[in-house]
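Structural description and commentary
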Amino acid sequence: MELPSACSHPGWSVLALVLGLLLWARRRRGWDPRKCPTDLTGKTVIVTGANSGIGKCVAMELARRNARTILACRSQERGQAAVEEIRAATGNPAVLLRLLDTGSLASVRAFAQTVLREEKRLDVLVNNAGLTDLLKASAPARIVNVSSFRHGVGTADVRYLTGQAQPGGYDPIYNSTKLMNVLFTAELAQRLQGTGVTANSVNPGVVSTRIMRHFSWAMRTLFLLIRPFIKSAEQGAVSTLYCAVSEEVSGITGKYFDSDCALALPSAAARDAGLARKLWEESERLTGLPAGPQH
Ligand SMILES: NC(=O)c1ccc[n+]([C@@H]2O[C@H](COP(=O)([O-])OP(=O)(O)OC[C@H]3O[C@@H](n4cnc5c(N)ncnc54)[C@H](OP(=O)(O)O)[C@@H]3O)[C@@H](O)[C@H]2O)c1
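Along every chain, residues carry numbers that run from 1 in the direction the sequence is written. Per-residue local features of the predicted model are confined to residues with pLDDT of at least 70, and side-chain atom pairs are confined, for both listing and counting, to 80 or more; whole-chain, interface and lining totals are unaffected and use all residues.

Further remarks concern the overall build of the chain. On a plain count of helices and strands, the chain comes out with 12 helices and 8 strands. Residues with at least 20 other C-beta atoms within 10 Å of their own are called buried, those with 12 or fewer are called exposed, and the rest are partly exposed. The C-beta atoms themselves are positioned from the backbone. Residues counted as buried form 39% of the 295 residues belonging to the chain. Sequence-distant contacts, at least 24 apart, represent 68% of the contacts inside the chain between residues at least 6 apart. Every helix listed is a DSSP run of H or I at least four residues long, and every strand listed is a run of E at least two residues long, numbered separately from the N terminus. Placing a C-beta atom from the backbone of each residue, one calls two residues in contact when those atoms lie within 7 Å.

Put into structure tokens, the structure is as follows:
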């Protein structure tokens, strides 16, 4: 293996330091949630993957703004621990756990049915689990899909959805899912035109969370070196919160926001409307869902 010697080369440390300084400088810009007065009393929000990292910080901030906050998590134990932590920190008793494993279509369907049965409205969905009717009934409502700057090196192919083709190991699959997040959001926004529900995708930046455990050891080493300079989970939550609650994003749809909360142009592949449509239609076919509204 060549990587160990490559990583121990002094050039890597210099590169990591320079990269870290650039990231440190960048994380200081952007929107400040403490200056945003939006109050969410009477509103309902769902955050998927909310028991750690960016999701937990987003849920914490939405609960602090008095939203009925539903944490959609796959583990009862980790989810309940997050519910209790958020209730204690915010004093908001309306923080709830509902089980959801986004890797299982059956679980997504069961979760969606539970929410449709139990909830009267849904104003903000961070991620997506097919709950658009409730969102439309609560318009103006917002969907925020957390993507990544790594969508830019991802590839997308309808055959990935059926397993007929694969982008490779963990990193290429991750990059592809992040690209598909952006494509899906653009197509969803088109299909939601005129309903009062907006959908945007967002890049949180480079954030120190448990996500690092999935990366190759070379990437983990690099991140360990630059860790003091990259964003904390609270800082990483800011661009998602910006899309979820800020006045500035009100009415904006089908866009991609960068980690400084600025509108940004996603990669060329992410702007391929034909590909977005094909992926959407194939997803509908595979999930057996009725065809959604056309545009
Ligand atoms: N950290 C970064 O630098 C970075 C950069 C760009 C984009 N992002 C994006 O930001 C989002 C949040 O990531 P993070 O950095 O906060 O990672 P994290 O700390 O690993 O948190 C991920 C959360 O998602 C949950 N989750 C994972 N798989 C799930 C499933 N199948 N069903 C339900 N919940 C599931 C995890 O729950 P468990 O405890 O059950 O595992 C955890 O609560 C991700 O979409 C990621 O791609 C992160």
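For soluble globular proteins, the rule of thumb is that nonpolar side chains tend to be buried together. Note on terminology: a nonpolar core is any set of buried Ala, Val, Leu, Ile, Met, Phe, Trp, Tyr and Cys residues joined through C-beta atoms within 7 Å. Ranked by internal contacts, the top residues of the largest apolar core, which has 71 residues, are Val47, Leu62, Leu71 and Leu183. Counting residues per element, this core draws most heavily on helix H8 (residues 170-191), which supplies 8 residues. Counting contributing residues, this core receives three or more from each of domain 1 (40-130) and domain 2 (139-288). Residues within four places of leucine 71 in sequence aside, it is in contact with Val47, Ala50, Asn51, Ala59, Gly79, Ala82, Val83, Val95, Leu96 and Leu97. The domain limits used here are those given by an automatic or database domain assignment.

As a further point, take the site of the ligand. Taken together, 23 residues sit near the ligand, with Gly49, Gly53, Ser148, Thr209 and Ile211 positioned nearest. Considering each element in turn, the shell around the ligand owes the most residues, 3 residues, to helix H3 (residues 53-64). Looking at the shell around the ligand, you find at least three residues from each of domain 1 (40-130) and domain 2 (139-288). Whether a residue is near a molecule or strand depends on its C-beta atom, generated from backbone atoms, being within 6 Å of that molecule or strand.

Okay, the sheet that holds strand E4 (residues 124-126) next. What the 8 strands build is an open sheet, ordered E3-E2-E1-E4-E5-E6-E7-E8; its pairing is mixed. In this open sheet, the two strands that pair with only one neighbour each are strand E3 (95-99) and strand E8 (263-264). In this sheet, strand E5 (residues 141-146) lies alongside E4 in parallel orientation, the contact comprising 3 bridges. Bridged to valine 124 within E5 is arginine 142. Pairing between strands is defined by DSSP: at least two bridges between the two strands are required.

Time to look at the pairing of strand E6 (residues 197-202). Burial analysis of E6 places 6 of its 6 residues in the buried class, the great majority of the element. Of the two faces of E6, both are covered, the one formed by Val197, Ala199 and Ser201 as well as the one formed by Thr198, Asn200 and Val202. Bridge count for E6 against strand E7 (residues 256-257) is 2 bridges, and the pairing is parallel. Along E7, the bridge assignment pairs serine 201 with tyrosine 256.

In this section: the pairing of strand E2 (residues 68-73). Most of E2 sits out of view: 6 of its 6 residues are buried. By the bridge criterion, 5 bridges tie strand E1 (residues 44-48) to E2 in an arrangement that is parallel. For threonine 44, the partnering residue across the bridge sits in E2 and is arginine 68. Once the chain exits E1 it traverses H3 before rejoining the sheet at E2, and the crossover so formed is right-handed. Handedness of a crossover is defined as follows: orient the strands so they point away from the viewer, and if the path from the first strand over the helix to the second runs clockwise, the crossover is right-handed. Crossover connection from E2 via helix H4 (residues 76-90) to parallel E3: handedness right-handed.

The next point concerns unusual backbone geometry. The residue after alanine 139, namely proline 140, is reached through a cis peptide bond having omega 5°. Within the secondary structure, proline 140 is located in the loop between helix H6 (132-137) and E5. Of note in the backbone geometry, asparagine 66 takes a positive phi value of approximately 75° without being a glycine. Within the fold, asparagine 66 resides in the loop between H3 and E2. One non-glycine residue, cysteine 261, lies in positive phi territory at about 65°. Topologically, cysteine 261 is positioned in the loop between E7 and E8. Cysteine 261 gets classed as buried once you count the C-beta atoms within 10 Å, which come to 22.

Note on definitions: angles span 0 to 180 degrees between N-to-C directions of axes, and those axes are lines fitted to C-alpha atoms, for helices only across the stretch in contact. Two elements in contact, H3 and helix H11 (residues 238-245), have axes whose closest approach is 9 Å; the angle formed by their N-to-C orientations is 40°. The pairing of H3 with H11 is recorded here as oblique in orientation. Two packed elements cross with a definite hand, and for H3 against H11 that hand is right-handed. Residues Ile54, Val58, Glu61 and Leu62 of H3 touch H11, and the partners they reach there are Thr240, Leu241 and Ala244. The residue classification treats Ala, Val, Leu, Ile, Met, Phe, Trp, Tyr, Cys and Pro as nonpolar and Asp, Glu, Lys and Arg as charged. All others, Gly included, are polar. Residue classes in the contact of H3 with H11 are distributed as 5 nonpolar, 1 polar and 1 charged. An angle below 35 degrees is read as roughly parallel, one above 145 as roughly antiparallel, one from 65 to 115 as roughly perpendicular, and any other as oblique. The handedness criterion is simple: a crossing whose near helix is rotated anticlockwise from the far helix by less than a right angle is left-handed, and one whose near helix is rotated clockwise is right-handed.

For the rest of this paragraph, the subject is the confidence of the model for the chain. On a scale of 0 to 100, pLDDT captures the predictor's confidence in every residue. The predicted model of the chain has a mean per-residue pLDDT of 88, with 87% of residues at 70 or higher. Segment residues 1-8 is flagged for pLDDT under 50; beyond a separation of four residues in sequence, or across chains, it makes 4 contacts in the model.

A helix's residues, less one, multiplied by 1.5 Å, set its expected span. Relative to the 16 Å expected for 12 residues at 1.5 Å per residue, H3 spans 17 Å between its end C-alpha atoms, a close match to the ideal helical length. Taken across its 12 residues, H3 has 10 buried, putting it largely inside the fold. All of the buried residues along H3 are Ile54, Gly55, Lys56, Cys57, Val58, Ala59, Met60, Glu61, Leu62 and Ala63. Just downstream of H3, asparagine 66 is the residue with a positive phi angle, here 75°.

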